[in-house]
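# Overview (structure and organization)
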Number of protein chains: 2
Amino acid sequence: MVTMSDVARAAGVSTMTVSNVLNERRPVAPATRERVLASVESLGYEMNQTARNLRAGRTGTIALIVPSFFDYYSELADAVAREVEPRGSHLVLERTAATAEHEMASVSGARLQLYDGVIMSSVGLDREQLDRIRRPKPIVLLGERDVPERFDHVRLANEDGARMATAHMIERGSRRILALGATPGDGHAMTTDRRVGWEQALRDAGLPADERYVVPIGDYSFENARAAMLSIIDSGLPVDGVFAMTDVIAIAALGALHERGLRVPDDVQVAGFDDLKVGRFLPPALTSIDPGHEAVAREAVRLLHRRMDDPEVAAEHVSVPVTLSVRGTTR
Amino acid sequence: MVTMSDVARAAGVSTMTVSNVLNERRPVAPATRERVLASVESLGYEMNQTARNLRAGRTGTIALIVPSFFDYYSELADAVAREVEPRGSHLVLERTAATAEHEMASVSGARLQLYDGVIMSSVGLDREQLDRIRRPKPIVLLGERDVPERFDHVRLANEDGARMATAHMIERGSRRILALGATPGDGHAMTTDRRVGWEQALRDAGLPADERYVVPIGDYSFENARAAMLSIIDSGLPVDGVFAMTDVIAIAALGALHERGLRVPDDVQVAGFDDLKVGRFLPPALTSIDPGHEAVAREAVRLLHRRMDDPEVAAEHVSVPVTLSVRGTTR
DNA sequence: CTGTTAGCGCTTTCAC
DNA sequence: GTGAAAGCGCTAACAG
């Protein structure tokens, strides 16, 4: 490995001069400068960022830690990148593969120490696990669960969104609406919040929230969502609306409905959550809840910088509003 | 910031002992060990990874640099992560926003020095720009362009895939097949290779490769692809097949065809390239070329480790075969 | 304009 | 089983 001293020796100057040439920090005589650059070139020198970061006490890098690289998280990551870069930091993405162990490892593990700050979209950790996390580096939690007070946190208005989507389908005539991908019972999962919103909309309309209409889907995958939708149809349970907890589930449901010859939106209306780009280009285009990636990203990055500037500032909890995008899968 | 010396002082030991306790490198007397761990806990110490990496001369991290976080790249990144992690490294994802400047910055810029190795999926750089890149760190180029000999490189069999998809539609009766998203003329873009495959299939079948059927799409976005497809339909050009250069383009084309009342696959067959997960769940499911993410990831990681082990090993160029996945958008 | 010194936080090496 | 010294590659601070 060629170091700065190698370059300095080759150019007949001190390492400081090399440093000053490369960083344009202090003026260097043109002749010296040329000699240094020539040595850099001929030796193929590239600065060791690790050493530089150690010296600087910062890395200039922010990490976004997500359960997967797909769908909602792609779009979120893109929004966060667009928010981070103008502020002069770099964004890197890491995935946890959605297991609690990985998330704990990501966040309590030492790797976090590589970054100036971390934005973490948690799905696998419960409140107690989150509570065990120290907070030596600025960290902002993203997502739907409720989290310990001491963490900065950005969440979506999940209940609102679910209520809006469900109410919209009720208004357009649906009476038997599935909560596809929802989790029954208590809990702090994103899907719990969304199921509660679904219930509220039904209750507001004087409709029953029948347990049989709450259909859990283990991993939120296309495969399992399709299978779940098919088995509901085949069970004969009357359904004239589907509120899917995610757009992935909604898209799989559209496919399953089509396979069974049910027309959307005529026989069954469908609404999703996430407003994935692809949904806007399906025939028919998917009605969905827009989670406001830009606002989430903006708030998350704002909270992170606030904490990077002042580690002792009081934690802030932000809830970002969502909006309903009405398209072709509802009437 | 609390450092190892702080912990050592609090525990009444040397930093070496703290290091040994934390890394379990050498045995430490149980009593000492307990005292150290207690100090770590009470001071909230976390090890500085940057210092550790500087000392170790490696970071244990591999970067995958991609033009965007979406679609093909999501799926690729997932496959690469699954390949990298079992080998004991971490994967981070960075995006270049698909501009040549960003790609140059990513790869010649100093940031690269943060990683033990880099896998870069290049789209914006031409051969000459790539040639200006030094190669101080192990780097594997991914993607469709042809690249300077000295780089390790993994590419797809783009021509083969395009030929297979087009030939399949010809076999099933299409005669006027669009190359949607292709670039006319010479060049080393992915879309050039795929257009050439389209031409070959037509030629093999004794059909003309009419220039009017080559339809460029600036940014490969859903929006532009939909607009391009609509304007082709409205122009009255007879079309009974669409070979889309990417699945994103194919999905947008499906939407546009539907908007104009054309039936798929009865009136028009459609085939894409990338085999995105979502395509398998559309009604009808999208026929596409499976780019073999697992094989690409496996080869890329293999080449990278090979070069990390021996920086002087001769560069290797690998072409990964693709396969046709026939589904509902072709007959 | 350029150089010397000291040290970022950690671990290897050598000593006891 | 534990510690002291040296140094990874870089740069701030202070000379000159």
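Scroll up to find the structure.
Below, the structure is looked at part by part. As a convention, each chain's residues are numbered from 1 in the sequence order in which they are written. Both sets of labels track the order of writing: A upward for chains, 1 upward for ligands. Restriction of local features to residues with pLDDT of at least 70 applies here, the model being predicted, together with a cutoff of 80 or more for giving and counting side-chain atom pairs; totals for whole chains, interfaces and linings are based on all residues. Excluded from the side-chain calculation are hydrogens and water; included are all heavy atoms of the structure.

## A few points about helix α8 (residues 158-171) of chain B
Residue and element names in this part refer to chain B. Filter applied, for reference: A run of H or I in DSSP counts as a helix once it spans at least four residues, and a run of E counts as a strand once it spans at least two, with each numbered from the N terminus. To estimate the expected span of a helix, subtract one from its residue number and multiply by 1.5 Å. Three exposure classes are used, based on accessible area relative to the maximum for each residue type with a 1.4 Å probe and protein chains only: buried under 20%, partly exposed in between, and exposed over 50%.
Along its 14 residues, α8 runs 20 Å from first to last C-alpha, staying within 8% of the 20 Å computed at 1.5 Å per residue. Buried within α8 we find Asn158, Gly161, Ala162, Ala165, Thr166, His168, Met169 and Ile170. Two residues or fewer after α8 comes Gly173, characterised by a positive phi angle close to 110°.

## A closer look at the interface of chain B and chain A
Going by this rule: It only takes one pair of heavy atoms within 4.5 Å for two residues to be counted as in contact. Computed with a 1.4 Å rolling probe, the buried area is the accessible surface lost when two parts are put together, summed over both parts. Counted as salt bridges are all cases of a side-chain nitrogen of Lys or Arg within 4 Å of a carboxyl oxygen of Asp or Glu. Polar contact criterion, stated in full: a pair of N or O atoms within 3.5 Å, where within protein one must be able to donate a hydrogen and the other to accept it, and residues adjacent in sequence count only if both atoms are side-chain atoms.
Taken together, the 50 residues of chain B in the interface contact 50 residues of chain A. Interface area, chain B with chain A, both sides summed: about 4,900 Å², of which 62% is carbon and sulfur. Where chain B packs against chain A, one counts 4 salt bridges. A salt bridge links Arg95(A) to Asp78(B); the nearest nitrogen and oxygen atoms lie 2.7 Å apart. In this assembly, chain B and chain A are joined by 10 residue pairs in polar contact (both at pLDDT 80 or more).

## Topic: the protein's contact with DNA strand D
For clarity, the cut-off: We call a residue near a given molecule or strand whenever any one of its heavy atoms falls within 4 Å of it.
Close contacts around DNA strand D come from 26 residues, with Met4(A), Tyr45(A), Arg55(A), Thr17(B) and Thr32(B) the closest. A share of 61% is what sugar and phosphate atoms reach among the atoms of DNA strand D within 4 Å of the protein. Contact between DNA strand D and Asn23(A): a phosphate oxygen at 3.2 Å from a side-chain N or O atom of the residue. Here a phosphate oxygen of DNA strand D sits 3.1 Å away from a polar atom, N or O, in the main chain of Asn48(A).

## Some thoughts on the packing of aromatic side chains
Two aromatic rings, taken as a pair, are described by how far apart their centres are and by the angle between their planes. As a reminder, the rule being used: Pairing of aromatic side chains here covers Phe, Tyr and the six-membered ring of Trp, requires ring centres within 6.5 Å, and sorts the geometry by plane angle: under 30 degrees stacked, over 60 edge-to-face, intermediate tilted. We call a charge positioned over a ring when the NZ of a Lys or the CZ of an Arg lies within 6 Å of the ring centre and within 35 degrees of the ring normal.
Applying the stated rule across the entire model yields 4 aromatic pairs over all chains. On the numbers, 5.0 Å between centres and 10° between planes, the contact of Phe222(A) with Phe281(B) is stacked. Residue Phe222(A) is found in helix α10 (residues 222-235), and its partner Phe281(B) is found in the loop between β9 (269-273) and β10 (287-290); the two belong to separate chains. The burial state of Phe222(A) is the same as that of Phe281(B); both residues are buried. Above the ring of Phe273(A), the side-chain terminus of Arg194(A) is found at 3.5 Å from the ring centroid.

## Quick look at the protein's contact with DNA strand C
The cut-off we apply is this: Just so you know the grouping, Ala, Val, Leu, Ile, Met, Phe, Trp, Tyr, Cys and Pro go in nonpolar, Asp, Glu, Lys and Arg go in charged, and all remaining residues, Gly too, go in polar.
Around DNA strand C, a shell composed of 26 residues is seen, among which Thr32(A), Met4(B), Met16(B), Tyr45(B) and Arg55(B) lie nearest. The protein-proximal atoms of DNA strand C, defined as those within 4 Å of the protein, are 60% sugar or phosphate. Within the side chain of Thr32(A), one N or O atom sits 2.3 Å away from a phosphate oxygen of DNA strand C. Ser19(B) is positioned such that a nitrogen or oxygen atom in its side chain is 2.7 Å from a phosphate oxygen of DNA strand C. Of all elements in the fold, only α2 (15-23) and α4 (49-56) of chain A together with α2 (15-23) and α4 (49-56) of chain B reach the threshold of two or more residues within the surface near DNA strand C. For the surface near DNA strand C, the leading source of residues is α2(B), giving 4 residues. Classifying every residue of the surface near DNA strand C by side-chain character gives 12 nonpolar, 8 polar and 6 charged.

## Quick word on the sheet that holds strand β7 (residues 214-215) of chain B
Residue and element names in this part refer to chain B. Our working definition: Any two strands are treated as partners once DSSP identifies two or more bridges connecting them. Every axis corresponds to a line fitted to the C-alpha atoms, with the helix fit spanning only the stretch in contact, and the corresponding angles, defined between N-to-C directions, vary from 0 to 180 degrees.
Read from one edge to the other, the open sheet built from 6 strands follows the order β7-β6-β8-β9-β10-β12, with strand pairing classed as mixed. Taken across any chain shown, the strands that pair with only one partner, and hence form the sheet edges, are β7 and β12 (323-325). When strand β6 (residues 177-180) meets β7, the two strands line up parallel, connected through 2 bridges. Within the sheet, the bridge partner assigned to Ala179 lies in β7 and is Val214. The strands that α8 touches are β6, β8 (241-244), β9, β10 and β12; relative to β9, the one it contacts most, it runs at about 170°. Packing against the sheet, helix α9 (residues 190-204) makes contact with β6, β7, β8 and β9, and its axis sits at approximately 170° to β6.

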